[in-house]
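Fold and contact review
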Amino acid sequence: MKEIIKVRSLQKTYKGFTAVDEISFEVYEGEIFGMVGPNGAGKTTTIECIEGLRKPDAGSIRVLDLDPQLDNKTLRTRVGMQLQQSNLPDRMKVWEALDLYSAFYETPVDWKKLLNQLGLEEKRDARFGKLSGGQKQRLFIALALLPNPNLVFLDELTTGLDPQARHTIWDLVRSVRDQGKTIYLTTHFMEEAERLCDRVAILDHGKIVALDTPQALIRGLSQNERVSFTLDVSITAEIQKSFAALGTVEVQADKLTLIGKSTDSAQLVTAVVNLLTGLSLRYRDLRTEQPTLEDVFLNLTGRQIRE
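Keep in mind it's a predicted model, so treat the numbers as computed, not measured.

Cut-offs used in this document
Residues numbered from 1 in each chain as written. Predicted model: local features only at pLDDT ≥ 70, side-chain atom pairs only at ≥ 80, totals over all residues. Heavy atoms only, no water. Pairing = 2+ DSSP bridges. Helix = DSSP H or I, 4+ residues; strand = E, 2+ residues; numbered from the N terminus. Axes fitted to C-alpha atoms, helices over the stretch in contact; angles between N-to-C directions. Contact = heavy atoms within 4.5 Å. Core = buried A, V, L, I, M, F, W, Y, C linked by side-chain atoms within 4.5 Å. Buried < 20%, exposed > 50% of the residue type's maximum accessible area, 1.4 Å probe, protein only. Arc of directions from axis to C-beta.

1. Details of the sheet that holds strand S7 (residues 182–187)
- Here we have six strands laid out as an open sheet, ordered S5-S6-S7-S3-S8-S9, and mixed in their pairing. Edge positions in the open sheet fall to strand S5 (79–82) and strand S9 (207–212), since each of these has one partner strand only. Across the sheet, the mean angle from the axis of one strand to that of its neighbour is 15°, orientation sign disregarded.
- Along the sheet, helix H5 (residues 133–145) makes contact with S5 and strand S6 (151–155), crossing S5 at roughly 160°.
- Across the sheet, helix H11 (residues 293–301) touches strand S8 (199–204) and S9, and the angle it forms with S8 is around 35°.

Okay, here's the thing in structure tokens:
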């Protein structure tokens, strides 16, 4: 596979604090590559070094076989960027932003076509300050696609968006990849990375603690089976004690989740149902819960994802 990005022993420090600690990885042509982790893990510093916006203290970076520091001008014509802190003047109209930014490139994509592709035609004359969060992010994607880039950087693209807007943006990202472009995205939403990315690097304290496909990372997680159900009565200490014989009990209001002592799903479900029946407890919404990328993250880092 062709390497679009190659990073070797990248390091960046700020006043004695190591934000990125000698990480190495590759991004291949045509994939959606994700870097995930909590805020402060080093994701944005890493992407800004790759984009040429920050100078690393040590290590080497090649992007489209170019040096982001030495070949920055050439690289700008071949990559698209959506930055974490992207913004525009509130009074600027959508079409004005696209028309202005297209003037920065020698051979830009027709921005009028981008309006249609990204569902912004009806907002053509709307001012930036009047757009919803999802519409603003679609505009930023359009701006990133203006140079018809080989590679697109998306940094914390869906932070602050509601679920509907987030899913719309995910569909747009997939459509960009389907056009033959390579996408590098950072996020602290594990579900986003699991649904979108071909491969994911988990970053914590400036180090890559895992890198693989989401499916392989989840398969590699040695986690016992989980069964949850809702009871029609209050979950007393006595009820909890009864289920503790089967595994670890977690209680949230009237929902009980049992983390079994083994990975045998069928065996655990049978034991739970038999116990519920034996205790004459009425239950609903009984289901097994499969591990996710978030479970992988928590297992590796030992803490919850920070906002």
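That covers the picture; the talk isn't over yet.
2. Notes on the sheet that holds strand S10 (residues 226–231)
- With respect to topology, four strands assemble into an open sheet ordered S11-S12-S10-S13, the strand pairing being antiparallel. Every other strand in the sheet has two partners, leaving strand S11 (247–252) and strand S13 (283–289) as the edge strands with one partner each. When the angles between neighbouring strand axes are averaged without regard to direction, this sheet yields 20°.
- By the bridge criterion, five bridges tie S10 to S13 in an arrangement that is antiparallel. If you follow Leu231 over to S13, its bridge partner there is Tyr283.
- Against the sheet, helix H9 (residues 237–244) contacts S10, S11 and strand S12 (255–260), and its axis sits at roughly 150° relative to S11.
- The strands that helix H10 (residues 265–278) touches are S10, S12 and S13; relative to S13, the one it contacts most, it runs at about 165°.

3. Focus: the nonpolar core
- Grouped together as the largest cluster of nonpolar side chains are 48 residues, with contacts concentrated most on Leu88, Leu98, Leu139, Val173, Ile183, Val200 and Ile202.
- No other element matches H5, which puts seven residues into this core.
- Ignoring any residue separated from it by four or fewer positions in sequence, one finds Ile202 in contact with Val36, Lys207, Ile208, Val209, Ala210, Leu217, Val296, Phe297 and Leu300.

4. Here we look at helix H3 (residues 94–102)
- Those residues of H3 not exposed but buried are Val94, Ala97, Leu98 and Ser102. The buried residues of H3 occupy an angular sector of 125° when projected down its axis, which confines them to one face.
- On its buried side, H3 packs onto helix H4 (111–117) and H5.

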